[in-house]
Amino acid sequence: MVLKEFKIRSYECQFDRAQVEDLERRCKVGPSESVLDTMGDPMCRIRNCPMYIMLVAEMDNELVGVIQGSIKTVTLHNHHPNKDMAKVGYVLGLRVSPHNRKKGIGSSLVQKLEEWFTSNDVDYAYMATEKENHASINLFMNKFGYIKFRTPSILINPVNHHPFGISSNIEIARIKVEKAESLYRGFMGASTEFFPSDIENILTNNLSLGTWVAYFKGDSGFGNLEGKVPNSWAMLSVWNCGEIFKLRLGKTPLSCMLFTKSLSLMNRIFPCLKLPTLPNFFSPFGFYFIYGVYQEGPFSGKLVRALCKFVHNMASKTEHCKIIVTEVGETDHELIHHVPHWKLFSCPDLWCIKALKKNGRTNRFHELTNTPPRGLFVDPREV
Ligand SMILES: CC(C)(COP(=O)(O)OP(=O)(O)OC[C@H]1O[C@@H](n2cnc3c(N)ncnc32)[C@H](O)[C@@H]1OP(=O)(O)O)[C@@H](O)C(=O)NCCC(=O)NCCS
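Residues numbered from 1 in each chain as written. Predicted model: local features only at pLDDT ≥ 70, side-chain atom pairs only at ≥ 80, totals over all residues.

Novice: Can you walk me through the nonpolar core in this structure?
Specialist: One broad trend across soluble globular proteins is that nonpolar side chains are buried collectively. Ranked by internal contacts, the top residues of the largest apolar core, which has 95 residues, are A214, Y288 and L307. With eight residues, helix α7 (residues 300–315) is the largest single contributor of residues to this core. When residues are assigned to domains, this core turns out to be shared by domain 1 (7–151 + 348–382) and domain 2 (156–347), each giving three or more. Excluding its chain neighbours within four sequence positions, the residues that come into contact with A214 are I170, E171, I172, W233, A234, L303, A306 and L307. (Core = buried A, V, L, I, M, F, W, Y, C linked by C-beta atoms within 7 Å. Buried ≥ 20, exposed ≤ 12 C-beta atoms within 10 Å, placed from the backbone. Helix = DSSP H or I, 4+ residues; strand = E, 2+ residues; numbered from the N terminus. Domains from an automatic or database assignment. Contact = placed C-beta atoms within 7 Å.)

Below is the structure:
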C-alpha cells in the first residue's frame, strides 16, 4: 500500500473552519464516544489561553487531522520556593479522520506541536485523556514518552428543575474579582499544583460567571482587613462552557441507561416524589464547570455543599445547561465527599506529562513526577 503524503500547517480560519468542524463531528472520543459541537469556532477551547495554536494535517486538499495546544505559567511543586513556577504546554483536541488513522498523522501533529512548545521555551507538555482511550494513551505514553502524572476525578451532577433548599444559617455572597484574586492567590496559589500565574485573566473572562463565598451567619465574615476570613468558609467560581461548545455522547454505559429508564418510569408512576430527571445526553447539551473550589475550617464541607446547591439552582435557570462538572485532585478526598455528584456519571481522568527541556530540568522532572500529588487547580480554559 502506498501511503499518501500529508503536510502539517497552521489552521487558517477562513479556509479551514468548516472542515475542522466536520472532522470534530466525525471523531468520537473515548469509550463514551463523545462529540463536540464548537458552534462555529473550532478554536473556542483554546482562545482564552495566554498563547495558543491549532495545527491541521492536510492530504490532497482535504483536512485529515487537527491538534490544539496552549501555553501558560503555573505553580508545579514547592520544594524550592523561587523555582516552583514552570511554563507548561497543554495538548488537546487531537483528532484524525477515521479513514486515515494508523498512518502516522496523529504522531506528526503531536511532534509539530511539541516543536512549537519548545520554540516557546516550554518546560513541560501535558495532556489529559480518559483512562480507557487506548489509542491516545499508547500514542502519548509509548510513542512520545509521556508518563502518568495525576489521576483527578471528574465529578458530574445532573441539573434538574427542582431547586435545592439552602440552610438559612449559611450566608452566600458574590465577591468582586479583586477579592477573588487575592483569596485565590493567598490560599491556593502556593498550595495547589497547576495554579495559573494569570488567574486574573480567568476571573475577568466573560465565561466566568463569578466567584462566591459561603460562611455561617454570625461568623465574622470577610472583613476589609487583609487576609481576614471566617473560621469556616468555602469558595468556588463558575465557568459557562455551554456558551462556547456543546457536548453529545454517542454511548452511555448500560448501567446508566437502565438507571435512566427506571428513574423515568418511577417519575411517571409517582410524580409526587419529584425524582430528578436525567438529561438526554444524546442531543447536544451545555454545562457549567465549577473551578477553584476551596474550603477551610471545621464545618466547611457543609459550606461547599451549600455553594454547589446554589450553583445548581443558577444552572437550572440556564437554557441548555444540563450538567455541572467539577474536577478535583486525587488527594482532595474531602471535596470529593462534599461536592454533590452522581457516581454513575463521574469518572477518573488521566493526566500525562513530559519534560521538553533535556538539560538541567531532568532532576526537577524526576522530583516532580515522584512528588505525591497535592491539591490541583483545574483551569476552566482547558476543559
Ligand atoms: C488517537 C488518534 C489521534 C491517533 O491518531 P493516528 O493518526 O491513528 O495515530 P498514529 O498513526 O500516529 O499512531 C501512533 C501510535 O498511536 C497508537 N495507536 C494509534 N491508534 C491506536 C489504536 N486504535 N489502538 C491502540 N493504539 C493506537 C500506537 O501506539 C501507534 O503507534 P504504532 O503505529 O507504532 O503502533 C486517533 O485514533 C483519533 O483521532 N481518535 C479519536 C479522537 C481521540 O481519541 N483523540 C485523543 C484525545 S486525547
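Novice: Would you explain helix α2 (residues 105–119) in this entry?
Specialist: One turn of an α-helix holds 3.6 residues; hence residues three or four places apart share an orientation. When the terminal C-alpha atoms of α2 are compared, their 21 Å separation across 15 residues agrees well with the 21 Å that a helix rising 1.5 Å per residue should span. Next to the buried residues of α2 lie β1 (7–10), β3 (51–59), β4 (62–75), β5 (85–96), β6 (124–130) and α3 (134–143). Where α2 terminates, the next one or two residues include D121, which has phi positive at roughly 65 degrees. (Expected span 1.5 Å × (residues − 1).)

Novice: Please clarify how the site of the ligand should be interpreted in this entry.
Specialist: The immediate surroundings of the ligand are formed by 22 residues, with R101, G106, S107, A135 and L139 found nearest. Listed by contribution, the elements that provide at least two residues to the shell around the ligand are β5, α2 and α3. Top contributing element to the shell around the ligand by residue count: α3, with seven residues. Residues belonging to the shell around the ligand are distributed by class as follows: seven nonpolar, ten polar and five charged. (Near = placed C-beta within 6 Å. Nonpolar A, V, L, I, M, F, W, Y, C, P; charged D, E, K, R; others polar.)

Novice: Could you clarify how one ought to interpret the pairing of β5 in this entry?
Specialist: Looking along a regular strand, one sees the side chains alternate between the two faces of the sheet. β5 sits mainly inside the fold: nine of its twelve residues count as buried. The pairing of β4 with β5 spans ten bridges and is antiparallel. Residue pairing in the sheet places I71 in a bridge with G89 of β5. A crossover links β5 with its parallel partner β6, the connecting element being α2, and its sense is right-handed. (Pairing = 2+ DSSP bridges. Right-handed = clockwise from strand over helix to strand, strands pointing away.)

Novice: Before we go on, may I ask you to explain helix α4 (residues 177–187) in this structure?
Specialist: The set of residues buried in α4 consists of A180, L183 and Y184. Down the axis of α4, the buried side of the element spans an arc of 95 degrees, and every buried residue falls inside it. Residues of α4 that are exposed and angled more than 90 degrees away from the buried face: E178 and G186. Where α4 is buried, its residues meet β9 (170–175), α5 (199–203), β11 (208–216), β12 (233–240) and β14 (286–296). (Arc of directions from axis to C-beta.)

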